[in-house]
Amino acid sequence: MLSRRTVVNLFVSSTILTVAGAAFAKNQHHKNGHGLLGSKIKQNGRHQIDKAGQATVSADVSNGKVTAMSATHPQKGNLPGRKVKSPRKLAEIEPGRVRVAANAEDVQLAQVAVYYYAWCFDDGVDEYCYWYPADVVIVDNSWVEYTG
């Protein structure tokens, strides 16, 4: 039989774990950055594309590519951002394309590893990620796998 002390310890431990899990949970918002930017992708410069809560989100464009993004909160200043990539389509970016390799004898589907790229901003309560296809960002080693 469990003693009163053991039962109380188990209850306190489970309560602490539940509260700790809730404290680390962020509300995730995945947005189509390419769609929000629209035709501004053809105009060099900084463009305001969205509001992430109270923060203003801007994208820097150069020669048809998004080179950087920033989010500025009126009280907190610049929000920390990170560059992430994922093979999963987390925001509706573009209709899916199937690539086909064909010759006179047969048709085969080509397997292509497709990644999507995002800048994510955390305001302490919510996380906002702005996703782009690979052809409108500069892909290098600075992107990390998205684990959200």
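A few points on the structure.

Description of the overall build of the chain
Now for step 1: Helices and strands together make up the secondary structure of the chain, namely two helices and eleven strands.
Now for step 2: The order of helices and strands in the chain, counted from the N terminus, is α-β-α-β-β-β-β-β-β-β-β-β-β.
Now for step 3: Among the 148 residues that make up the chain, the fraction classed as buried is 28%.
Now for step 4: In the chain, the share of contacts with a sequence separation of at least 24, taken over all contacts with a separation of at least 6, comes to 56%.
Now for step 5: Surface exposure of the chain reaches about 9,800 Å², of which carbon and sulfur atoms provide 54%.

Side note on the sheet that holds strand β5 (residues 77-78)
Now for step 1: Here four strands make up an open sheet; going across it, the order is β2-β3-β4-β5 and the pairing antiparallel. Only two strands of the sheet have a single partner each, and these edge strands are β2 (45-52) and β5.
Now for step 2: As paired elements, strand β3 (residues 55-62) and strand β4 (residues 65-73) share seven bridges and run antiparallel to each other. Each residue of the ladder has a partner; that of Thr 56, found in β4, is Thr 72.

Let's talk about the nonpolar core
Now for step 1: If you look at the biggest cluster of nonpolar residues, it comprises 21 residues, and the most contacted ones within it are Val 66, Met 69, Tyr 130 and Tyr 132.
Now for step 2: Going through the elements one at a time, β2, β3, β4, β9 (116-122) and β10 (126-133) are the ones with two or more residues in this core.
Now for step 3: In terms of residue count, the dominant contributor to this core is β3 (four residues).
Now for step 4: If sequence neighbours within four positions are ignored, Val 66 has contacts with Leu 37, Ile 41, Ala 59, Asp 60, Trp 119, Tyr 132, Val 136, Val 137 and Ile 138.
Now for step 5: If you look at the next biggest cluster of nonpolar residues, it comprises eight residues, including Val 84, Ala 91, Ala 118 and Tyr 146.

Focus: the sheet that holds strand β6 (residues 81-86)
Now for step 1: An order of β1-β10-β9-β6-β11 is seen for the five strands of this open sheet, with the pairing classed as mixed. With partners counted over all chains shown, the strands left at the sheet margins are β1 (27-32) and β11 (144-145), one partner each.

Observations regarding the pattern of salt bridges
Now for step 1: Counting across every chain of the model gives three salt bridges.
Now for step 2: In this structure, Asp 50 and Lys 31 form a salt bridge, with 2.7 Å as the shortest nitrogen-oxygen distance. Residue Asp 50 is found in strand β2, and its partner Lys 31 is found in strand β1; the two are separated by 19 residues along the sequence.
Now for step 3: Owing to a relative accessible area of 16%, Asp 50 belongs among the buried residues under this scheme.
Now for step 4: On the accessibility criterion, Lys 31 (25% relative accessible area) is partly exposed.
Now for step 5: Two residues, Arg 46 and Asp 60, come together in a salt bridge whose shortest N-O distance is 2.7 Å. Placement of the pair is Arg 46 in strand β2 and Asp 60 in strand β3, with a sequence separation of 14 residues.
Now for step 6: Using a relative accessible area of 19% as the deciding quantity, one classes Asp 60 as buried.

A few points about the pairing of β10
Now for step 1: The buried count for β10 comes to eight of eight residues, which makes it a mostly enclosed element.
Now for step 2: Burial of β10 is two-sided: the residues Asp 126, Tyr 128, Tyr 130 and Tyr 132 facing one way and the residues Glu 127, Cys 129, Trp 131 and Pro 133 facing the other way are all buried.
Now for step 3: Inspection of the sheet shows β1 paired to β10 by six bridges, in the parallel sense. In the sheet register, Asn 27 faces β10, and the bridge partner there is Asp 126.
Now for step 4: Bridging between β9 and β10 involves seven bridges; their strand directions are antiparallel. From the neighbouring strand, Cys 120 faces β10, where its bridge partner is Cys 129.

Cut-offs and rules
- Residues numbered from 1 in each chain as written.
- Predicted model: local features only at pLDDT ≥ 70, side-chain atom pairs only at ≥ 80, totals over all residues.
- Heavy atoms only, no water.
- Helix = DSSP H or I, 4+ residues; strand = E, 2+ residues; numbered from the N terminus.
- Buried < 20%, exposed > 50% of the residue type's maximum accessible area, 1.4 Å probe, protein only.
- Contact = heavy atoms within 4.5 Å.
- Areas by Shrake-Rupley, 256 points an atom, 1.4 Å probe, with all protein chains shown as cover.
- Pairing = 2+ DSSP bridges.
- Core = buried A, V, L, I, M, F, W, Y, C linked by side-chain atoms within 4.5 Å.
- Salt bridge = Lys/Arg side-chain N within 4 Å of Asp/Glu carboxyl O.

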